[in-house]
Amino acid sequence: MVQFKHAASAYKSLNGLICVYKPPCVPVKQVQHIIKTNLCRDLNALPVRPREQRIEIEGATNEPMIVKLVPNYADDPLVCGPRYIHEDIRCSWATHLGLFSSGVLLLGINEGTRLTYKINMGRPTRAFKVHGQLGKATDTYFWNGKTVERSTYHHITREKIDSVVAHIQASHQKTMFEMSGLHMESQTTYELAAQGLIRPASSKLPVIYGIKCVDFKPPNFTLEIQSVNEYEKYLWTLVHDIGVQLRSTAHCIGVNCIRQGKFDLELALLRKHWQLEYIADNMNQCSQLLEENEHLLQPESAVLTA
Amino acid sequence: MMALKSAYLCFGNKQVFKIICSQYAKYSNVSALSVKQTFSENVLETTSEDLSHITPYFSNTFNLAAYVNNSETLKKLVDINVDLSKIEKKPHIVNKILKLDFEKHMKEHIIFLNDYVGLDEVGNFLTKNPLILCEPVQDLQVRVNYLESKGFQNDQIKRIITRNPFWLMFNTVRIDRRFGYFQKSLQLTGNEVRHLTTKQPKLITYNLHHVKCNMFVLKEEMGFEDKEMKDLTLNKPKLLMINQRHLLERFNYIHNIMQISHKTILKYPEVLFCRNFKIKQRHQFLLKLGRAQYDPKKENFISIKSLVLDTDAEFCNNIAKCSVSDFNLFLKTL
């Protein structure tokens, strides 16, 4: 744990990437706001810069005047406000997480905002645990929506769900190559695939690299999905589609991001740990991770153009 | 002659507010006009006169920090720990405060407040309610006398004024009406009103619409009886002041999902102040461990109070009987 003696040194060291755990039903904007508020609070609690001195020249102008050094009231925290305020701390997220999703969220602080941009452009794969429930379909595809359909799910077995999921993965891999515009059995396609993951060129194109069912206790099931460019609603629709393909209905009851690139849940800071010391500690771990894995910022991969 | 100088205060929201600073009488002996007349003949010639009273105008500013070094009044306010940076967020108050002089207008108030609030707290008090400096001291004395006439002890009055800086802004008629309202709507006796007032002085001067809404939530939506509501309010007066949506959300979770009866909630009303996510995650963790048993008549009873008050480490050691890291791991699956 890092111990800071002065606010100034602490503030200077706050440049980099942190990895936090976003709770569900808390928007990313609010996470940013809480982190900024907490950092300001902790920085202001540390010993801050003392009040500046001010030179005053006093006395009548036709006599020798007195030069005095007096404390500058305008620099008092009671007058000009606390030393560190929200505007002093920049904070940006790498990839957005929807309101109802929870999990790993990368935030850049001060100079780290550039890193988040680079990481986002590198399009690291994210792994999700998506929890679904069979037997009910809703209009939003999520548990909070209106029920539009109910159905039985006793005929669904683990094997059936596995085959549907495998089919989805295969079709996604196929479209990936198809959209690259190359013949599936050519040498060029092989070379493209050998370069690494085929990543979509635009940030609007969701691609799933892997999907599998990790838990099945009817009516609940859990999918583990590795993907790029996905968004909350896309994952919900995926669950809905699986329900339809299983000759039943399903809706999503939770989305949990368990990994982004090399940043996993173990690294993520819980809400109760969003404090200066923990954040500084986390920042060091993240920068170490980035140093060890340079490809996170500049991935070598083929680019899929749609 | 007194020259009123005007300055503009600009704030973050780019609104411009006019501030008239008249307390700079020291620097205002010479008006702009007279300065011009004196120097109109030979400006460049050296003079043996004392010119120290001629100072530049106070220009437009974004905050009070620009004026504080030149104003004895503001300096003295800072010395008694008044947070000017908080006051200046409300420009209409700044307008009024800047017109006051420490010796003439503020000293009496501060001496008066000193008797009730204490010197350490005066700064905090004035930060929260600077407009008290604009009220006549006689009025404040009348309001204190009113409290005495209603049978409040001296230390009770001190507590009321310290805990609710806005109390003295309300005239006796209004306060009396509010006492009457609380006495009638909660069916309190005189002693109970005094107890309630001393326990949470802010409640009496709180937004009555909000209080009414919360009473409705407690009575109609949550289903507490009149007698129970009275006990609740006397025990935790803050219940009538918190956000009603949050209140209902918490009650809904505790009563309908965790199946805690009204009786238990009456016993530990603290649970209604705990943020919902905290109680939710602990309940879910206990459910996962199979220890969520809140009935005192059965074994492995877990008090609802311990869900709220303890820190995570204490909760894990004493209640959940596991390590904190397990709990943290669980939190990362929510």
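In this text the structure is predicted, and so the values were computed from the model without any measurement.

Things to note about helix H10 (residues 172-186) of chain B
What sets the pattern is the α-helix's 3.6 residues per turn: residues three or four places apart point alike. All names here are of chain B. Taking 1.5 Å per residue as the helical rise, H10 with its 15 residues ought to reach 21 Å, and the 21 Å between its terminal C-alpha atoms agrees with that figure. If you check which residues of H10 are buried, you get Ile-175, Arg-178, Phe-179, Phe-182 and Leu-186. One side of H10 carries all its buried residues, which in axial view fall inside an arc of 105°. Opposite the packed face of H10, turned more than 90 degrees from it, sit the exposed residues Val-173, Arg-177 and Lys-184.

Notes on the pairing of strand E1 (residues 16-22) of chain A
Residues and elements named next belong to chain A. Counting buried positions along E1 yields seven of seven residues, so the element is predominantly enclosed. Pairing geometry for E1 and strand E5 (residues 101-109), over seven bridges, is antiparallel. Each bridged residue has a counterpart across the sheet, and for Val-20 the counterpart in E5 is Leu-105.

Notes on the domain arrangement of chain A
Residue and element names in this part refer to chain A. Domain assignment breaks chain A into domain 1 (1-48 + 83-124 + 267-300), domain 2 (51-80) and domain 3 (125-260). For domain 1 versus domain 3, the distance between C-alpha centres works out to 30 Å. Taken together, the contact pairs 17 residues of domain 1 with 22 residues of domain 3. Carbon and sulfur atoms supply 46% of the area buried between domain 1 and domain 3, which totals about 1500 Å² over both sides. There are zero salt bridges connecting domain 1 and domain 3. When residues of the side of domain 1 that touches domain 3 are assigned to their parent elements, the largest contribution, five residues, is made by E5. Its residues assigned to classes, the side of domain 1 that touches domain 3 comprises eight nonpolar, seven polar and two charged.

Focus: the packing of helix H6 (residues 102-117) of chain B against helix H7 (residues 119-128) of chain B
All names here are of chain B. Two elements in contact, H6 and H7, have axes whose closest approach is 8 Å; the angle formed by their N-to-C orientations is 115°. One element, H6, and the other, H7, form an angle in the roughly perpendicular class. Both H6 and H7 take part in a crossing whose hand is right-handed. Residues Ile-110, Leu-113, Asn-114 and Val-117 of H6 form the contact with H7, whose participating residues are Leu-119, Glu-121, Val-122, Phe-125 and Leu-126. Split into classes, the residues belonging to the contact of H6 with H7 amount to seven nonpolar, one polar and one charged.

Looking at helix H20 (residues 324-331) of chain B
Taken residue by residue, H20(B) has Phe327(B), Asn328(B), Phe330(B) and Leu331(B) as its buried positions. The buried residues of H20(B) all sit within an arc of 160° when viewed along its axis, so they share a single face. At its buried positions, H20(B) is contacted by E1 of chain A together with helix H17 (276-289) and helix H19 (312-320) of chain B.

Some thoughts on the interface of chain A and chain B
If you look at the interface, chain A gives 27 residues, while chain B gives 28 residues. Across the chain A/chain B interface, buried area totals approximately 2000 Å², and carbon plus sulfur atoms make up 52% of it. Area buried by chain A at its contact with chain B is led by Tyr73(A), Leu78(A) and Val79(A), which between them contribute 33% of it. The tally of links between chain A and chain B comes to one salt bridge. Its salt-bridge partner being Lys272(A), residue Asp312(B) comes within 2.6 Å of it at the nearest N-O pair. Taken together, the connections running from chain A to chain B amount to 16 residue pairs in polar contact (both at pLDDT 80 or more). Secondary-structure elements contributing two or more residues to the side of chain A that touches chain B are strand E2 (53-58) and helix H3 (77-80) of chain A. When residues of the side of chain A that touches chain B are assigned to their parent elements, the largest contribution, four residues, is made by H3(A). Here the side of chain A that touches chain B is built from residues that sort into 13 nonpolar, eight polar and six charged.

Digging into the packing of aromatic side chains
Under the definition given, this model contains 16 aromatic pairs over all chains. Ring centres 5.8 Å apart and planes at 55° place the aromatic pair Tyr231(A) and Tyr234(A) in the tilted group. What makes Tyr231(A) partly exposed here is its relative accessible area of 46%. By relative accessible area, Tyr234(A) is classed as buried at 17%. A connected cluster of aromatic rings, assembled from ring pairs, spans Phe100(A), Phe142(A), Trp143(A) and Trp236(A). For Arg51(A), the ring lying beneath its charged end belongs to Tyr73(A), and the centroid distance is 4.8 Å. The residue whose ring lies beneath Arg282(B) is Phe315(B), and the NZ or CZ to ring-centre distance is 4.6 Å.

Some words on the environment of Ile157(B)
All names here are of chain B. Looking at where Ile-157 falls in the secondary structure, it is placed in helix H9 (residues 154-163). For Ile-157, a relative accessible area of 0% puts it in the buried group. C-alpha of Ile-157 to C-alpha of Thr-197: the two residues are 40 residues apart in sequence and 9.6 Å apart in space. Leave out the neighbours within four places in its chain, and Ile-157 touches Tyr-116, Val-144, Leu-147, Glu-148 and Phe-152.

Rules used in this analysis
- Residues numbered from 1 in each chain as written.
- Chains lettered and ligands numbered in written order.
- Predicted model: local features only at pLDDT ≥ 70, side-chain atom pairs only at ≥ 80, totals over all residues.
- Heavy atoms only, no water.
- Helix = DSSP H or I, 4+ residues; strand = E, 2+ residues; numbered from the N terminus.
- Expected span 1.5 Å × (residues − 1).
- Buried < 20%, exposed > 50% of the residue type's maximum accessible area, 1.4 Å probe, protein only.
- Arc of directions from axis to C-beta.
- Pairing = 2+ DSSP bridges.
- Domains from an automatic or database assignment.
- Contact = heavy atoms within 4.5 Å.
- Buried area = accessible area lost by both parts, 1.4 Å probe.
- Salt bridge = Lys/Arg side-chain N within 4 Å of Asp/Glu carboxyl O.
- Nonpolar A, V, L, I, M, F, W, Y, C, P; charged D, E, K, R; others polar.
- Axes fitted to C-alpha atoms, helices over the stretch in contact; angles between N-to-C directions.
- Parallel < 35°, antiparallel > 145°, perpendicular 65-115°, else oblique.
- Left-handed = near helix turned anticlockwise from the far one by under 90°.
- Polar contact = N/O pair within 3.5 Å; in protein donor to acceptor, adjacent residues only side chain to side chain.
- Phe/Tyr/Trp six-rings, centres within 6.5 Å; stacked < 30°, edge-to-face > 60°.
- Lys NZ or Arg CZ within 6 Å of the ring centre and 35° of its normal.

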